[in-house]
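Spelled out from the first residue to the last, the chains are:
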Amino acid sequence: MSPLKLSPPRWRILRLLGTNHASATRAGLRATYIRDLCAATPADLAALADLGYLTGRLHGTSDAPGAEIVLAIAADRNLRIHSTPAGKSTAAILEAAYRALNHLHVYGAYGGALPVAVLHHDAGVGLDTLTQLQRHGHVNTTPGGFLSWRSGGHTHLYGPPFNAGPYDSDPCATCGTPPTIGARIWADGYRDAYCDRCARHHAGSSPTSLVTLTRLGTGYVGRPTPQELS
Ligand SMILES: [Zn+2]
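Here the structure is a predicted model, which is why all the values come from computation and not from measurement. (Residues numbered from 1 in each chain as written. Predicted model: local features only at pLDDT ≥ 70, side-chain atom pairs only at ≥ 80, totals over all residues. Heavy atoms only, no water.)

## Describing the domain arrangement of the chain
Okay, step 1: By domain assignment, the chain separates into domain 1 (3-83) and domain 2 (97-229).
Okay, step 2: Placing a centre on the C-alpha atoms of domain 1 and another on those of domain 2 gives a separation of 38 Å.
Okay, step 3: If you look at the interface, domain 1 gives 10 residues, while domain 2 gives 12 residues.
Okay, step 4: The contact between domain 1 and domain 2 buries some 960 Å² in all, and 71% of this surface belongs to carbon and sulfur atoms.
Okay, step 5: Contact with domain 2 buries surface across domain 1, with Leu4, Pro8 and Trp11 losing the most and accounting together for 53% of the total. (Domains from an automatic or database assignment. Contact = heavy atoms within 4.5 Å. Buried area = accessible area lost by both parts, 1.4 Å probe.)

So this is what it looks like as structure tokens:
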């Protein structure tokens, strides 16, 4: 099973263990602390132990950490959690996936849309990560040429471009040049139109396809939902 199919609380647990030094040492992390911070349940911990991503140890004993103890006493307040090598490498995959989703959520136009090139340049998101996210329904991809740039604290999205017809007379919002028939124009339907040269200059990247956060993907970013916290 791809780790991307894990639920949002389970992503949070693995990412927390992956970045927390104590989870790799003798001390481990308190299970109750993990559950509070990740809005997770004992069942989430037990499921991840069953998958080999984490192990547990009863605080105050000298027993070696094991997965079976998490399954047996997942709700015990003396349970300490440790990551496994499999959990660490999975955390790295989820961290990259989260970075992509979070960047779309925070900086995307319309609540989560950005061209592939921008996501790659600004957040270091690789094509393999995007492919995985699309396969599991966290994002959609719209083919075609899209550009985006930020102004006034917002991300504006343009594309795909169209060719100016005889009635397209609005001059470029930046250089003021009126379009000649057949010239490539970038507009988003609501805002000013731009000539090809100015649009590419503002965007600083080539046109690429568009990545959009889905409803499923939105559930993995931001604060835990009220259902998860109850
Ligand atoms: Zn222009």
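## Concerning the pattern of salt bridges
Okay, step 1: All told, the structure shown has 4 salt bridges when counted by the stated rule.
Okay, step 2: Between Glu95 and Arg15 there is a salt bridge; the shortest N-O distance is 3.1 Å. A residue pair is termed long-range when its members are at least 10 positions apart, and Glu95 in helix α5 (residues 85-107) and Arg15 in helix α1 (residues 8-19) qualify at 80 residues.
Okay, step 3: Residue Arg15 is classed as buried on the basis of its relative accessible area, which comes to 17%.
Okay, step 4: The shortest N-O distance in the salt bridge between Arg184 and Asp196 comes to 4.0 Å. Pair noted here: Arg184 is in strand β8 (residues 184-186) and Asp196 is in helix α8 (residues 196-203), with a separation of 12 residues, a long-range link.
Okay, step 5: Assessed through its relative accessible area of 37%, Arg184 is described here as partly exposed.
Okay, step 6: Look at Asp196 and you get partly exposed, because its relative accessible area is 22%.
Okay, step 7: Among the charged side chains, a salt-bridge network with shared partners connects Arg184, Asp196 and Arg200. (Salt bridge = Lys/Arg side-chain N within 4 Å of Asp/Glu carboxyl O. Helix = DSSP H or I, 4+ residues; strand = E, 2+ residues; numbered from the N terminus. Buried < 20%, exposed > 50% of the residue type's maximum accessible area, 1.4 Å probe, protein only.)

## With respect to the packing of aromatic side chains
Okay, step 1: All chains considered together, the criterion is met by 4 aromatic pairs.
Okay, step 2: Each ring, one from Trp149 and one from Tyr158, has its centre 4.4 Å from the other, and the planes form 10 degrees; the classification is stacked.
Okay, step 3: Look at Trp149 and you get buried, because its relative accessible area is 9%.
Okay, step 4: With a centroid separation of 5.1 Å and an interplanar angle of 90 degrees, the aromatic rings of Trp149 and Tyr194 are classed as edge-to-face. (Phe/Tyr/Trp six-rings, centres within 6.5 Å; stacked < 30°, edge-to-face > 60°.)

## Re the sheet that holds strand β4 (residues 113-115)
Okay, step 1: Here we have 4 strands laid out as an open sheet, ordered β4-β10-β5-β6, and antiparallel in their pairing. The sheet terminates laterally at β4 and β6 (154-158), the two strands that pair on one side only. Pairs of neighbouring strands in the sheet enclose a mean axial angle of 55 degrees, with direction left out of account.
Okay, step 2: Here helix α6 (residues 116-123) sits on the sheet in contact with β4, β5 (139-151) and β10 (208-213), set at roughly 90 degrees to β4. (Pairing = 2+ DSSP bridges. Axes fitted to C-alpha atoms, helices over the stretch in contact; angles between N-to-C directions.)

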